[in-house]
Amino acid sequence: MGTTNANSADGRKDKLNLLSSTQLVINEALKKLGYNQDMYELLKEPLSMLTVRIPLRRDDGSTKIYTGFRAQHNGAVGPIKGGVRFHPDVNEDEVKALSMWMSLKCGIADLPFGGGKGGIICDPRTMSMGELERLSRGYVRAISQIVGPTKDIPAPDVFTNSQIMAWMMDEYSRLRANDSPGFITGKPLVLGGSEGREMAAAQGVTICIEEAAKRQGISLKGARIIIQGFGNAGSFLAKLMDDAGAKVIGISDAYGAIYDPDGLNINYLLDRRDSFGMVTPLFEGTITNEELLELECEVLVPAAVSNQITAENAQNIKAKIIVEAANGPTTLEATRILTERGILLVPDVLAGTGGVTVSYFEWVQNRQGYYWSEEDVAARLREKLVASFRQIYNLSKNRNVDMRLAAYMVGVRKMAEASKFRGWI
Ligand code: GLU
């Protein structure tokens, strides 16, 4: 079986950082596609990385300087596309890796975009709405020269939402003295947002679960699902799975996990969830996140943070299907172990394409000035994702490679070809 070659045996080395593991798989994918080392040199890092320092007037009158980034991986296919995250852990390497993942996602979903990602090192949980608004506007002023509806189109990501997109769109429109809804996606509906954008990420994961279940001969009716993480992706997903008749038997948040073999009451949990996705403090006798991952189930969805399934616990996973709703939850060595054990692993770069796909629809609608119904958006999303899933699954079977490597092969192919046609390489 052709798999990516992380350092085996040693579980600690297995936890490569996101940038180096992404580079490793891109290199492998390009080799399999027959490209030479020059192509890897072009694609191994973003073509451009802007660092900005944003002065913010705080509510108490003092000034604080925040650092922000915008990475643009490769614009050979079209304008750059990707979210902006506000988080204390944002750093340059992570933003670079995430911009490369956006390129892969755009390639996989066959969107006319290259990948980008932005971020600001900050903790929105400790900031007032006024401060958040001034920071969002300051970021747009700082990056205004490199973004725009045909250059680079930002979107929401971790701890950013439609309100922040609205402020950013307003700032950009004022700077250009031109109403510019197509500058950013993930906007509120009244400002040119798309129907279905909010649920799009969870919808994408759901479609992948359905497709994977078909391939593994599992019926979703009554299937046992475990979801690690109860943030936006995890909680919407729990609802969609519950509505589809599956039995969500375990969920977790940053504090711990809860489990009920007869199925959890998802509506009750959604009702009690706080704005940061915390629910377990409500319960006594909760289990740990580590224990949750190893429970008996049909489908396991890591929807929290990276490096959760590693060489150390991959042998103990009992799920038949793993669908990665988080970024990088499974290490490369764990991917190898799981694939060898016959577990179908749907990688993040495929399962995570729902959000950007509907962002693409939003951008198209903004450019047309004509808006689609929720049913239209859902049907087009399904059509795209089912096709991407099929292509990657078949490639993985035909070439005898794991789903991650197959997804990377599909993800880089268009970008590599476009770079060649443009004469960049
Ligand atoms: N931040 C999301 C992602 O990582 C969405 C990006 C977009 O909508 O452009 O896929």
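Our structure is the block above this text.
Procedures and definitions
- Residues numbered from 1 in each chain as written.
- Predicted model: local features only at pLDDT ≥ 70, side-chain atom pairs only at ≥ 80, totals over all residues.
- Heavy atoms only, no water.
- Helix = DSSP H or I, 4+ residues; strand = E, 2+ residues; numbered from the N terminus.
- Rg over C-alpha atoms; globule rule 2.2 N^0.38 Å.
- Buried < 20%, exposed > 50% of the residue type's maximum accessible area, 1.4 Å probe, protein only.
- Areas by Shrake-Rupley, 256 points an atom, 1.4 Å probe, with all protein chains shown as cover.
- Lys, Arg positive; Asp, Glu negative; His and termini not counted.
- Charge placed at Lys NZ, Arg CZ, Asp CG, Glu CD.
- Expected span 1.5 Å × (residues − 1).
- Phe/Tyr/Trp six-rings, centres within 6.5 Å; stacked < 30°, edge-to-face > 60°.
- Lys NZ or Arg CZ within 6 Å of the ring centre and 35° of its normal.
- Pairing = 2+ DSSP bridges.
- Axes fitted to C-alpha atoms, helices over the stretch in contact; angles between N-to-C directions.
- Patch = residues over 30% accessible without salt bridge, like charges linked within 9 Å, V, L, I, M, F, W, Y side chains within 5 Å.
- Salt bridge = Lys/Arg side-chain N within 4 Å of Asp/Glu carboxyl O.
- Near = heavy atom within 4 Å.
- Polar contact = N/O pair within 3.5 Å; in protein donor to acceptor, adjacent residues only side chain to side chain.
- Core = buried A, V, L, I, M, F, W, Y, C linked by side-chain atoms within 4.5 Å.
- Parallel < 35°, antiparallel > 145°, perpendicular 65-115°, else oblique.
- Contact = heavy atoms within 4.5 Å.
- Nonpolar A, V, L, I, M, F, W, Y, C, P; charged D, E, K, R; others polar.

(A) Spatial organisation of the overall build of the chain. A tally of helices and strands in the chain yields 15 helices and twelve strands. For 425 residues, the compact-globule estimate of 2.2 N^0.38 gives 22 Å, and the C-alpha radius of gyration of the chain, at 21 Å, lies within 12% of that figure. Taken over the C-alpha atoms alone, the chain extends approximately 55 × 55 × 45 Å along its principal axes. Here the chain holds 425 residues, and 56% of them are scored as buried. Within the structure as shown, the chain displays about 17,200 Å² of accessible surface, and the carbon and sulfur contribution to it stands at 46%. Within the chain, one finds 49 positive and 50 negative side-chain charges whose respective centroids are separated by 5 Å.

(B) Fine view of helix α7 (residues 200–215). Over its 16 residues, α7 runs 23 Å from end to end, which matches the ideal 22 Å to within 8%, given 1.5 Å per residue. Along α7, the positions that sit buried rather than exposed are A200, A202, G204, V205, T206, I207, C208, I209, E211, A212 and A213. In the segment just after α7, G217 is the residue with positive phi, at about 65°.

(C) Representation of the packing of aromatic side chains in the model. Under the defined criterion, the tally for this structure stands at seven aromatic pairs. When the centroid spacing of 5.0 Å and the interplanar angle of 70° are considered together, the rings of F113 and W363 count as edge-to-face. Of this pair, F113 sits in the loop between α4 (92–108) and β5 (114–121) while W363 sits in helix α13 (residues 354–368); the two residues are 250 residues apart in sequence, bridging distant segments of the chain. With a relative accessible area of 2%, F113 lands in the buried category. Taken together, the aromatic side chains of F113, Y360, F361, W363 and W372 make up a single cluster linked through ring pairs. Seen from the ring of Y393, R215 lies directly overhead, with NZ or CZ sitting 4.9 Å from the centre. For the cation-ring pair, R380 lies above W372, with the distance from its terminal atom to the ring centre recorded as 4.0 Å.

(D) Summary view of α13. Across its 15 residues, α13 extends 21 Å between first and last C-alpha, which sits within 8% of the 21 Å expected from 1.5 Å per residue. Extensive coverage of α13 is indicated by the burial of 13 of its 15 residues. After α13 finishes, the residue G369 shows a positive phi value of roughly 65°.

(E) Just the sheet that holds strand β9 (residues 256–259), in detail. Ordered by their spatial adjacency, six strands build an open sheet running β9-β8-β7-β10-β11-β12, and the pairing between neighbours is mixed. Taken across any chain shown, the strands that pair with only one partner, and hence form the sheet edges, are β9 and β12 (344–346). Each neighbouring strand pair of the sheet contributes to a mean axis angle of 15°, computed without reference to strand direction. Where strand β8 (residues 247–253) and β9 come together, four bridges link them in antiparallel fashion. Across the sheet, the residue bridging to G250 is Y259, located in β9.

(F) View of a nonpolar patch on the surface. A surface patch of nonpolar side chains, about 280 Å² in accessible area, is lined by L47, W424 and I425. Along the chain, W424 turns up in the segment after α15 (403–421). When its relative accessible area of 38% is taken as the criterion, W424 is described as partly exposed.

(G) Structural view of the pattern of salt bridges. Inspection of the entire model under this criterion finds 24 salt bridges. For D59, the salt bridge is made with R134, and the minimal N-O distance between the two is 2.8 Å. Placement of D59 in the loop between β1 (48–57) and β2 (63–72) and of R134 in helix α5 (residues 129–143) is noted, with a sequence separation of 75 residues between them. The exposure class of R134 is partly exposed, given its relative accessible area of 33%. In this structure, D157 and K117 form a salt bridge, with 2.5 Å as the shortest nitrogen-oxygen distance. With D157 in the loop between β6 (152–153) and α6 (162–176) and K117 in strand β5, this residue pair connects regions lying 40 residues apart in the sequence. Judged by relative accessible area, which is 3%, K117 ranks as buried. Salt bridges sharing partners connect three or more residues here, namely E133, R137, R141, D170, E171 and R174.

(H) Representation of the site of the ligand within the structure. Near the ligand you find 13 residues, and of these K81, K105, P156, D157 and S359 are the closest. In this structure, D157 approaches the ligand through a side-chain N or O atom, which is 2.7 Å from a nitrogen atom. For the ligand, an oxygen atom lies 3.1 Å from a polar atom in the side chain of R197. Considered on its own, the ligand offers 290 Å² of accessible surface; in the complex 91% of this is hidden by protein. Counting only elements with at least two residues in the shell around the ligand, the list comes to α4 and α13. Looking at which element gives the most residues to the shell around the ligand, the answer is α13, with three residues.

(I) Representation of the environment of N265 within the structure. Here N265 is to be found in the loop between β9 and α9 (266–272). Linking N265 and I26, residues 239 residues apart in sequence, is a C-alpha distance of 41 Å. Within polar-contact distance, the side chain of N265 engages the backbone nitrogen of N267 at 3.4 Å.

(J) Layout of the nonpolar core. In this structure, L30, I209, I225, I227, I251, V301 and L350 are the most contacted members of the largest nonpolar core, which totals 86 residues. Looking at this core, the element that brings in the most residues is α15, giving ten residues. Within the second largest apolar cluster, 23 residues are counted, among which are I54, L135, Y139 and F183.

(K) Representation of the packing of α4 against α15 in the model. At their nearest, the axes of α4 and α15 sit 7 Å apart, and the two run at 90° to each other. Relative to α15, the element α4 lies roughly perpendicular. Each of W101, S103, L104, G107 and I108 in α4 lies in contact with α15, whose residues at this interface are A407, Y408, V410, G411, V412 and M415. Residue composition of the contact of α4 with α15, by class: eight nonpolar, three polar and no charged.

What is shown is where atoms sit, not what they do.
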